[in-house]
Amino acid sequence: MVLILVILVSLTVDVNQAEEKWVPYQPDPKQVTVRVNEVDGKIFVETSITFKNAGFYVDWNSVAQNDSSFYVYVKVKAWTGPSAQVITQKTHVYNLGSLPPGSYSFVFNVNGNPVKTVKFKVEPSWFEISSYLPFLILVMLILIVFIFIVFVRIKRQHESLRS
């Protein structure tokens, strides 16, 4: 009788241990937030995942770039055992650095599946525009001088025809 009780207890412990493990978890796009911010000429992407409890693990990995697209391949796992029943948000910020003006996309993948894509634009800064300002002024002056010379020639031709 004691032997049967020991066997049942050991089977119960093994079953509970087998249930408590990390398993892949795929969040719903509603759980994921992706925000793009520019600070001092650098682009930062803040990614957040909101979970229903504290039993989740996120391996954020690094960002990869292909032309104007940035990709992140995050791994998320859920703990099958007990965990604190509190809404938990996990956040990570990716520094994309200084990007030239243009259109870009950021694709957030979880466990190999795309969950959210955000498109964003980098506008030229005033510094970049102002660096062309001397050139623009020079072109405008040349254009004004050209128009003045043409106007003077037309006026002289008009006066010579009158005489």
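Above this text sits the structure in question.
Residues numbered from 1 in each chain as written. Predicted model: local features only at pLDDT ≥ 70, side-chain atom pairs only at ≥ 80, totals over all residues. Heavy atoms only, no water.

**Considerations on the nonpolar core**
Core analysis: the biggest nonpolar cluster contains 25 residues, and I49, V74, V76, L99, F106, F108 and F120 have the highest contact counts within it. Mapped onto this core, the elements with two or more residues apiece are β2 (32-39), β3 (42-51), β4 (56-59), β6 (69-79), β7 (88-97), β8 (102-110) and β9 (113-122). When residues of this core are assigned to their parent elements, the largest contribution, five residues, is made by β6. Aside from chain neighbours lying at most four places away, what touches L99 is I43, F70, Y104, F120 and V122. (Core = buried A, V, L, I, M, F, W, Y, C linked by side-chain atoms within 4.5 Å. Buried < 20%, exposed > 50% of the residue type's maximum accessible area, 1.4 Å probe, protein only. Helix = DSSP H or I, 4+ residues; strand = E, 2+ residues; numbered from the N terminus. Contact = heavy atoms within 4.5 Å.)

**Describing the pattern of salt bridges**
Applying the stated rule across the entire model yields one salt bridge. Between R35 and E46 there is a salt bridge whose closest N-O contact spans 3.5 Å. Taken together, the positions of R35 in strand β2 and E46 in strand β3 put the pair eleven residues apart, joining distant regions of the chain. Exposure remark for R35: the relative accessible area of 45% places this residue in the partly exposed category. For E46, a relative accessible area of 26% translates into the label partly exposed. (Salt bridge = Lys/Arg side-chain N within 4 Å of Asp/Glu carboxyl O.)

**A closer look at unusual backbone geometry**
Of note in the backbone geometry, D67 takes a positive phi value of approximately 60° without being a glycine. Tracing the chain through its elements places D67 in the loop between β5 (63-66) and β6. The phi angle at N111 is positive, at roughly 50°, despite the residue not being glycine.

**Remarks on the sheet that holds β2**
Across the sheet, three strands lie side by side as β2-β3-β7; this open sheet has antiparallel pairing. At either end of the open sheet lies a strand with only one pairing partner, and these are β2 and β7. Going across the sheet, the axis of each strand differs from the next one's by a mean of 20°, ignoring polarity. In the sheet, β2 pairs with β3 via eight bridges, with the strands oriented antiparallel. By the bridge assignment for β3, V34 is matched with T47. (Pairing = 2+ DSSP bridges. Axes fitted to C-alpha atoms, helices over the stretch in contact; angles between N-to-C directions.)

Everything listed is a geometric property; what it means functionally is a separate question.
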